[in-house]
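A closer look at the structure
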Amino acid sequence: MTITRRGFLVASAALAAMPVLRATAAPLPREADIVVIGAGAAGIAAARRIVATGRKVVVMEAASQIGGRCITDSTTFEVPFDRGARWMHNPDTNPMIRLARSVGLDVLPAPTGQKMRIGRRNARAGETEQFLAALVRANRAIDDASRAKLDTSCASVLPKDLGDWAGAAEFMLGAGFAGKDLKELSAIDKGRAQDRNAAIACRQGLGTLITKLGEQAPVALSTPASRVAWNNRDVSVETPAGKIAARAVIVTVSTNVLTSGAIKFTPDIPKRTLDAASKLGLGSYDRIVLQLPGNPLGLSRDDILIEQSNSTRTALMFANIGGSSLCSIDVGGAFGRDLSEQGEKAMAAFAREWITKLFGSEAAAAVGKTSATRWNASPYVMGAMSAAAPGGQLSRRILSEPIGNVFLAGEATHETLWGTVDGAWESGERAADAALRKIGALKQEPADVPTQSTKKRRVPRR
């Protein structure tokens, strides 16, 4: 049976009636129409799309929970906070926002703007304007370079006279945006990124949302795929729990996992694909979450704060998360990677040092319990978000190309929404449609609803 796009929209109502497979459930099925590897945003999006057509799908997830890089922690502090992705974007076109409301979760605009700190005082209005001007000039230079025929690093085109705000501007545009310093970041990739100013948060946590949307998908947790045997007709996916035969497979693992060889492919996937993945290696972005009862920093709910810095050895603070006493100190890029390698103790020490520098030792002494993410050390992720090296932007398109009946998905395969959960979700739906067409279950019809990737990218605000 084939299903049209209109038929898919009708069939999506069947999601609520589908069975759920968990690690403790019945034995793993031996056959499926399509196997999805990875239960992050891309994998769950793909599975929901397939389920809606009435085709049999099984999602293999190596970790013990749904979410991938979207994990909400509600136990460490008894207050939910996102250890991974925090924002959604593009409220006019993002289907996840509608889905969040449909499952009873609350979505709300993220804070606009940020507070600036110069040493132990707030920046004056004129100083904040100087920072914003430096940020605009740097961003404009990168945008201009992105239109050139030859790619270069973002750092190589920065204005040389950004003054005291150079470090903060470099952090916000590089490590704070893509998890990589500007010298490691493709100007074309950065310039082509879709505008992400309209950020949207889920009050219960973005990880909570992905988990909720995955409840109706048949997910096998703690079941890593070890080998994929494929040809142009069928596939076989090997796991510790057994082998599953299918007609197609959607692989949503990160680029770092793909190139690590953790999953063997027989025959090998093309060198062209692996080379593309290697040029889209994950950046480093981690959170050091602190309990600061009594609001000793004097900040408002969900305040975002950055400092004037003469280097990228700096951080971003997300304060009083959701009105709680939790504050997140976010670090990234080369500095964040080095700090993460030293372990949680060193990360917490840096956070206290940073707060002391900006607010004094009394504020740092008020820090209670701490917790830090270390995404680079996570064996099933191995980093934060993909970021193209100079010359690597075209690799995203290569990575999204079908390989027989193997389809790759994930934020790294999205040319304009890379590094976002929105891009991951859309890539999962796109891969599902391609896999369904491959097995003859979906006819291609002209799209009657614009997607995020087809909308014209807005010009960044100057």
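See the structure printed just above.
About the cut-offs
Residues numbered from 1 in each chain as written. Predicted model: local features only at pLDDT ≥ 70, side-chain atom pairs only at ≥ 80, totals over all residues. Heavy atoms only, no water. Pairing = 2+ DSSP bridges. Helix = DSSP H or I, 4+ residues; strand = E, 2+ residues; numbered from the N terminus. Contact = heavy atoms within 4.5 Å. Axes fitted to C-alpha atoms, helices over the stretch in contact; angles between N-to-C directions. Buried < 20%, exposed > 50% of the residue type's maximum accessible area, 1.4 Å probe, protein only. Arc of directions from axis to C-beta. Polar contact = N/O pair within 3.5 Å; in protein donor to acceptor, adjacent residues only side chain to side chain. Phe/Tyr/Trp six-rings, centres within 6.5 Å; stacked < 30°, edge-to-face > 60°.

For the rest of this paragraph, the subject is the sheet that holds strand β19 (residues 370–372). Strand order in the open sheet made by the 7 strands is β7-β6-β16-β17-β18-β15-β19, with mixed pairing throughout. Single-partner strands in this sheet number two, and they are β7 (121–122) and β19. Pairing analysis gives 3 bridges linking strand β17 (residues 316–319) to strand β18 (residues 326–332), with the strands arranged antiparallel. Counted as the bridge partner of methionine 317 is isoleucine 329 from β18. Strands in contact with helix α11 (residues 333–341) are β15 (285–291) and β18; relative to β18, the strand with the most contacts, it is inclined by about 110°. Those strands touched by helix α12 (residues 344–359) are β6 (115–118), β15, β16 (303–307), β17, β18 and β19, and its axis lies near 70° from that of β15.

Ordered in space as β9-β2-β1-β13-β20, the 5 strands form an open sheet in which the pairing is parallel. The open sheet is flanked by β9 (219–220) and β20 (406–408), the only strands paired with a single partner. Running over the sheet, helix α15 (residues 421–438) touches β1 (34–37), β13 (248–251) and β20 and is turned about 165° from β20.

Moving on, we get to helix α3 (residues 95–102). Within the span of α3, buried status applies to Met96, Ile97, Leu99 and Ala100. Mapping the buried residues of α3 onto a view down its axis gives an arc of 165°, with all of them on the same face. What points out from α3, more than 90 degrees from its buried face, is the exposed set Arg98, Arg101 and Ser102. Where α3 is buried, its residues meet α2 (41–51), β5 (107–109), β8 (200–202), α8 (206–213) and α15. Sitting at the head of α3, asparagine 94 places a side-chain oxygen 2.9 Å from the backbone nitrogen of methionine 96. Positive phi shows up at glycine 104, right after α3, with a value of about 85°.

One pass over the structure, following the stated rule, counts 5 aromatic pairs. With a centroid separation of 5.7 Å and an interplanar angle of 90°, the aromatic rings of phenylalanine 177 and tryptophan 418 are classed as edge-to-face. Residue phenylalanine 177 is located in helix α6 (residues 175–178), and its partner tryptophan 418 is located in the loop between β20 and α15; the two are separated by 241 residues in the primary sequence. Ring centres of phenylalanine 335 and phenylalanine 350 lie 5.1 Å apart, and the angle between their planes is 65°; on these two criteria the pair is classed as edge-to-face. Separated by 15 residues along the polypeptide, phenylalanine 335 in helix α11 and phenylalanine 350 in helix α12 bring together distant segments of the chain. Exposure remark for phenylalanine 335: the relative accessible area of 15% places this residue in the buried category.

Along the polypeptide, valine 36 turns up in strand β1. Take valine 36: its relative accessible area is 0%, and that puts it in the buried class. For the pair valine 36 and alanine 47, spaced 11 residues apart in the sequence, the C-alpha separation amounts to 7.0 Å. Leaving out residues up to four positions away in the same chain, valine 36 has contacts with Gly43, Ala46, Ile50, Val57, Val58, Val59, Met60, Ile250 and Thr252.

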